[in-house]
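Reading the structure
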Amino acid sequence: STANPPAAAQPAAAQPAAQPAVQAQPKSTGTVARAQFTSAIQDREPVDKVSNLLNDKHRVYFFSEIKDAPNQKITHRWEHDGKVVSETSFDVGGNRWRVYSNKTLDPQQTGEWKVSVVDEAGSTLGASTFTYENAPAAAPVPPAGAPAAAAPATAPQKP
């Protein structure tokens, strides 16, 4: 006679898949209304928008306006070429909250920089990037007393 295989030997597809618990992580709340890199902050507002920065500049700011996240902790996660280099956290005190962080840049750290705005549950609410580039080399200055390149080598002779 032939025996039926035990239930454990049945293919997994025959078993109903377990549904992940909806409450596994805290619900992400809050949104990033505005976010940008800037060369300075004045009266809690960015003065300009930076998308490319030359490495003769050594400081950059990241500004973000967070909405609907009162009493949460929001973090600016700074990354250079995909590696986290620093994090700055803020306690959000109201439904509209403006925060900024800054980074002193090493001129050797050219490449892509990214700041992610992360909520206390670990969810990324938004991210922005800028490129840190080598500044063009200054044109060489001829030494004092050297003839100017545009001057003729000899003066024309009069007949």
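Here, residues in each chain are numbered from 1, in the same order as that chain's written sequence. The predicted origin of the model limits local features to residues at a pLDDT of at least 70 and limits the giving and counting of side-chain atom pairs to 80 or more, whereas totals for whole chains, interfaces and linings rest on all residues. Values shown for side chains rest on all heavy atoms present in the structure; no hydrogens or waters enter the calculation.

Let's talk about the sheet that holds strand β7 (residues 83-91)
The strands that make up a sheet are held in pairs by hydrogen bonds between backbone atoms, and each pair lies either parallel or antiparallel. Rules: When DSSP finds at least two bridges between two strands, those strands are taken to pair. By definition, any uninterrupted DSSP run of H or I lasting at least four residues is a helix, any uninterrupted run of E lasting at least two residues is a strand, and each is numbered from the N terminus. Only the stretch in contact is used when a helix axis is fitted, and all axes are lines through C-alpha atoms; the angle between N-to-C directions ranges over 0 to 180 degrees.
Pairing is mixed across the open sheet formed by five strands, whose spatial order is β4-β10-β9-β6-β7. Whereas interior strands pair on both sides, the edge strands pair on one side only; in this sheet they are β4 (52-54) and β7. For this sheet the average axis-to-axis angle between neighbouring strands, irrespective of direction, equals 20 degrees. In terms of strand pairing, strand β9 (residues 111-118) meets strand β10 (residues 124-133) through eight bridges, oriented antiparallel. Considered in β10, the bridge of Trp 113 is made with Phe 130.

Describing the packing of aromatic side chains
Spelled out, the test is: The aromatic pairing rule takes the rings of Phe, Tyr and Trp, using the six-membered ring of Trp, and pairs them if the centres are within 6.5 Å, calling planes under 30 degrees apart stacked, those over 60 edge-to-face and the rest tilted. When accessible area is computed with a 1.4 Å probe and restricted to protein chains, residues below 20% of their type maximum are described as buried, those above 50% as exposed, and intermediate ones as partly exposed.
With the rule as written, the count across this model stands at six aromatic pairs. Between Phe 37 and Phe 62 the ring centres are 5.0 Å apart and the planes differ by 55 degrees, which places this aromatic pair in the tilted class. Pair noted here: Phe 37 is in strand β1 (residues 31-38) and Phe 62 is in strand β5 (residues 59-67), with a separation of 25 residues, a long-range link. Phe 62 matches Phe 37 in its accessibility class, with the two residues each being buried. Relative to Phe 130, the ring of Trp 113 has its centre 6.4 Å away and its plane inclined at 10 degrees; by these criteria the two rings are stacked.

Observations concerning the side chain of Asn 55
We count it as follows: For the purposes of these results, a polar contact is taken to be a pair of N or O atoms within 3.5 Å, where, inside protein, one atom must be able to donate a hydrogen and its partner to accept one; residues adjacent in sequence count only when each atom of the pair is a side-chain atom. Between two residues, a contact is recorded if the distance between any of their heavy atoms is within 4.5 Å.
Within the fold, Asn 55 resides in the loop between β4 and β5. The exposure class of Asn 55 is buried, given its relative accessible area of 13%. Among the polar contacts listed, one links the side chain of Asn 55 to the side chain of Asn 134, at a separation of 3.0 Å. At a separation of 2.8 Å, a polar atom in the side chain of Asn 55 contacts the main-chain amide nitrogen of Ala 135. Here Asn 55 is in contact with Pro 107, Thr 110, Tyr 132, Glu 133, Asn 134 and Ala 135, once residues within four sequence places are set aside.

Some remarks on the pattern of salt bridges
Here the idea is simple: oppositely charged side chains can pair when their charged atoms come close. Here is the rule we go by: Basic side-chain nitrogens of Lys or Arg form a salt bridge, by our definition, when they fall within 4 Å of a carboxyl oxygen of Asp or Glu.
Summed over all chains, the structure comprises seven salt bridges. Where Glu 45 meets Arg 98, a salt bridge forms, and the shortest distance between an N and an O atom there is 2.7 Å. In this pair, Glu 45 is assigned in strand β3 (residues 45-46) and Arg 98 in strand β8 (residues 96-104), connecting sequence segments 53 residues apart. Residue classification places Glu 45 among the partly exposed residues on the basis of a relative accessible area of 22%. With relative accessibility at 26%, the residue Arg 98 sits in the partly exposed group. Measuring nitrogen to oxygen at the nearest pair gives 3.1 Å for the salt bridge that ties Asp 91 to Lys 73. Residue Asp 91 is located in strand β7, and its partner Lys 73 is located in strand β6 (residues 73-80); the two are separated by 18 residues in the primary sequence.

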